[in-house]
Number of protein chains: 2
Amino acid sequence: MTTTATYTIKGMTCGHCVNAVSTELSGLPGVNDVRVDLAAGTATVTSDRPLDPQAVREAVDEAGYEMSQA
Amino acid sequence: MTTTATYTIKGMTCGHCVNAVSTELSGLPGVNDVRVDLAAGTATVTSDRPLDPQAVREAVDEAGYEMSQA
């Protein structure tokens, strides 16, 4: 089953921020694709199973940013 | 002879930008120290000889930013 979820992330200001968030989210088990929209402040994650919201939150935090919404 | 010069750099928005600029400027021959002030948009470079302004400009460009002033 493929799941797609979009998360709102605070504080991304440049392409390096996009890379940092993409790298962390891509490392979550089951994630197949991550698209970060810098202007919108969102990350859309496609995975082969629903992700644990807490794991997503921690990955964003690890990248140095804050998730606004699960 | 130790030379210190401060350059104004456009477009730095986050710590990753600071790192990118610092890394490129630190790689210039003769550079001993680089201090980037994100809020001020400046980089202060200490070197053992005066730097070629064009080389500094190219290093900033390589990092993905633009120098405002030589």
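See the structure printed just above.
Residues numbered from 1 in each chain as written. Chains lettered and ligands numbered in written order. Predicted model: local features only at pLDDT ≥ 70, side-chain atom pairs only at ≥ 80, totals over all residues. Heavy atoms only, no water.

Trainee: Explain the overall build of chain A to me, and be specific about the residues and the numbers.
Mentor: The helix and strand inventory of chain A stands at 2 helices and 4 strands. Taken from the N to the C terminus, the helices and strands of chain A come in the order β-α-β-β-α-β. Seen through its C-alpha atoms, chain A measures out along the principal axes to roughly 35 × 20 × 20 Å. Counting only residues that meet the buried cut, chain A has 41% of its 70 residues in that class. A separation threshold of at least 6 residues defines the contact pool for chain A, and within that pool the share at least 24 residues apart is 59%. Summed over its atoms, the accessible surface of chain A is roughly 3800 Å², and 47% of this surface lies on carbon and sulfur atoms. (Helix = DSSP H or I, 4+ residues; strand = E, 2+ residues; numbered from the N terminus. Buried < 20%, exposed > 50% of the residue type's maximum accessible area, 1.4 Å probe, protein only. Contact = heavy atoms within 4.5 Å. Areas by Shrake-Rupley, 256 points an atom, 1.4 Å probe, with all protein chains shown as cover.)

Trainee: Explain the sheet that holds strand 1 (residues 3-10) of chain A to me, and be specific about the residues and the numbers.
Mentor: Backbone hydrogen bonds are what pair the strands of a sheet, in a parallel or an antiparallel way. All names here are of chain A. Ordered in space as 2-3-1-4, the 4 strands form an open sheet in which the pairing is antiparallel. In this open sheet, the two strands that pair with only one neighbour each are strand 2 (31-37) and strand 4 (66-67). The pairing of strand 2 with strand 3 (residues 42-47) spans 6 bridges and is antiparallel. Along strand 3, the bridge assignment pairs Arg-35 with Thr-44. (Pairing = 2+ DSSP bridges.)

Trainee: Tell me what's going on with the interface of chain B and chain A, and back it up with residues and numbers.
Mentor: Residue-level contacts link 6 residues of chain B with 6 residues of chain A. Across the chain B to chain A interface the summed buried area is about 410 Å²; carbon plus sulfur atoms make up 62%. Here chain B is connected to chain A by 0 salt bridges. For the pair chain B and chain A, the interface holds 3 residue pairs in polar contact (both at pLDDT 80 or more). Here the residues of the side of chain B that touches chain A are counted per class, giving 4 nonpolar, 2 polar and no charged. (Buried area = accessible area lost by both parts, 1.4 Å probe. Salt bridge = Lys/Arg side-chain N within 4 Å of Asp/Glu carboxyl O. Polar contact = N/O pair within 3.5 Å; in protein donor to acceptor, adjacent residues only side chain to side chain. Nonpolar A, V, L, I, M, F, W, Y, C, P; charged D, E, K, R; others polar.)

Trainee: Can you tell me about the side chain of Ser47(A), naming the residues and giving the values?
Mentor: For Ser47(A), the location among the structural elements is in strand 3. Sequence-distant contacts of Ser47(A), that is, excluding residues within four places in its chain, are made with Met1(A), Thr2(A), Thr3(A), Gly30(A), Val31(A) and Asn32(A).

Trainee: Give a description of the relation of the copies chain B and chain A that names residues and reports values.
Mentor: The two copies are related by a screw operation: chain B maps onto chain A through 180° of rotation and 0.1 Å of translation along the axis, at an RMSD of 0.0 Å. The superposition operator between the copies reduces to a two-fold rotation axis. (Least-squares fit on C-alpha atoms with pLDDT ≥ 70 in both.)

Trainee: Give me the sheet that holds strand 4 (residues 66-67) of chain B: which residues, what numbers.
Mentor: Residue and element names in this part refer to chain B. The strand order across the open sheet formed by 4 strands is 2-3-1-4, and the pairing between neighbours is antiparallel. Unpaired on one side and paired on the other, strand 2 (31-37) and strand 4 mark the two borders of the sheet. Pairing between strand 1 (residues 3-10) and strand 3 (residues 42-47): 6 bridges, direction antiparallel. Residue pairing across strands places Thr-4 opposite Thr-46, the latter belonging to strand 3. Seen against the sheet, helix 1 (residues 15-26) touches strand 1, strand 2 and strand 3 and runs at an angle of roughly 160° to strand 2. (Axes fitted to C-alpha atoms, helices over the stretch in contact; angles between N-to-C directions.)

Trainee: Could you give me a rundown of the environment of Ala43(A), with the residues and numbers involved?
Mentor: Residue and element names in this part refer to chain A. Along the chain, the position of Ala-43 falls in strand 3. The exposure class of Ala-43 is buried, given its relative accessible area of 0%. As a C-alpha pair, Ala-43 and Thr-6 span 37 residues in sequence and 5.5 Å in three-dimensional space. Ignoring any residue separated from it by four or fewer positions in sequence, one finds Ala-43 in contact with Ala-5, Thr-6, Tyr-7, Ile-9, Leu-25, Arg-35 and Val-36.

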